[in-house]
Amino acid sequence: MKKLHPILQIALLVYFGAFLIFFIAFDTLGGIFGMEEITSDSMVTITLIGLILFLAAWGSSYAAYSSLSSQIKKMESETHALKAKIYDFEHPTAPAKPVARPSNPTHDSDQSNIAPRQNFTDK
């Protein structure tokens, strides 16, 4: 789509440029193509072909933009992953050691299997 987009834009420019020149010089060029006057049918046909070319160029630009946008997002996520790895290498963390708790005689008689609550704080 990256190659098709500029080609379609140039084709659209050439198409409308050629018909602009054709209509400006219609008195001399109309006889060459066997047209005595411009009819509404010919104008509708020319405009519809131009609209189709325009929509094709617009669609290709949208597809090219979408492709570039997805590539940028992919690169950003890779960059964030690399930054996280670098941060992990620069700031190693020590493994958490279990905290020894003093025994409380009131809790020793408790028969539940629920572990006592632990408070964690960030440094």
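Fair warning: this is a prediction, and the values are worked out from it, not measured in the lab.

Focus: the overall build of the protein chain
Scanning the protein chain from N- to C-terminus turns up four helices and zero strands. Reading the helices (α) and strands (β) of the protein chain from amino to carboxyl end gives α-α-α-α. Scored against the burial criterion, the 123 residues of the protein chain give a buried share of 11%. Excluding contacts between residues fewer than 6 apart, the proportion of contacts in the protein chain whose partners are at least 24 apart in sequence is 60%. A total accessible area of about 11,200 Å² is found for the protein chain, and carbon and sulfur atoms account for 65% of it.

Details of the packing of aromatic side chains
Counted by the stated rule, this structure contains six aromatic pairs. Their ring planes at 85 degrees and their centres at 6.2 Å tell us that F19 and F22 sit as a pair that is edge-to-face. Note that F19 and F22 are positioned in helix α1 (residues 4-24) at a spacing of three residues, about one turn of the helix. Classification of F19 as partly exposed rests on a relative accessible area of 25%. Their ring planes at 85 degrees and their centres at 5.6 Å tell us that F22 and F26 sit as a pair that is edge-to-face. As far as the burial class goes, F22 and F26 line up, both buried. A network of ring pairs unites the aromatic residues Y15, F16, F19, F22, F23 and F26 as a single cluster.

Looking at helix α3 (residues 40-90)
In this model, α3 (51 residues) spans 74 Å end to end at C-alpha, consistent with the 75 Å of a helix rising 1.5 Å per residue. Looking at α3, one finds that the buried residues are S42, I46, G50, A57, S60 and A64. In this structure, the buried side of α3 is in contact with α1.

Things to note about α1
Over its 21 residues, α1 runs 30 Å from end to end, which matches the ideal 30 Å to within 8%, given 1.5 Å per residue. The complete set of buried residues in α1 reads H5, L8, L12, Y15 and F22. Projected down its long axis, α1 shows its buried positions confined to an angular sector of 130 degrees, all on one face. In α1, the exposed positions that point more than 90 degrees away from the buried face belong to I7, I10, L13, V14, L20, I21 and I24.

Regarding the confidence of the model for the protein chain
For the protein chain, the average pLDDT comes to 82, and 82% of its residues sit at 70 or higher. Of all secondary-structure elements in the protein chain, the lowest mean pLDDT belongs to helix α4 (residues 105-108), at 53, while α3 reaches the highest, 91.

As for the side chain of S42
With respect to the secondary-structure elements, S42 resides in helix α3. Classification of S42 as buried rests on a relative accessible area of 17%. Of the polar contacts made by the side chain of S42, one reaches the backbone oxygen of T39; its length is 2.8 Å.

Conventions used here
Residues numbered from 1 in each chain as written. Predicted model: local features only at pLDDT ≥ 70, side-chain atom pairs only at ≥ 80, totals over all residues. Heavy atoms only, no water. Helix = DSSP H or I, 4+ residues; strand = E, 2+ residues; numbered from the N terminus. Buried < 20%, exposed > 50% of the residue type's maximum accessible area, 1.4 Å probe, protein only. Contact = heavy atoms within 4.5 Å. Areas by Shrake-Rupley, 256 points an atom, 1.4 Å probe, with all protein chains shown as cover. Phe/Tyr/Trp six-rings, centres within 6.5 Å; stacked < 30°, edge-to-face > 60°. Expected span 1.5 Å × (residues − 1). Arc of directions from axis to C-beta. pLDDT = per-residue confidence, 0-100. Polar contact = N/O pair within 3.5 Å; in protein donor to acceptor, adjacent residues only side chain to side chain.

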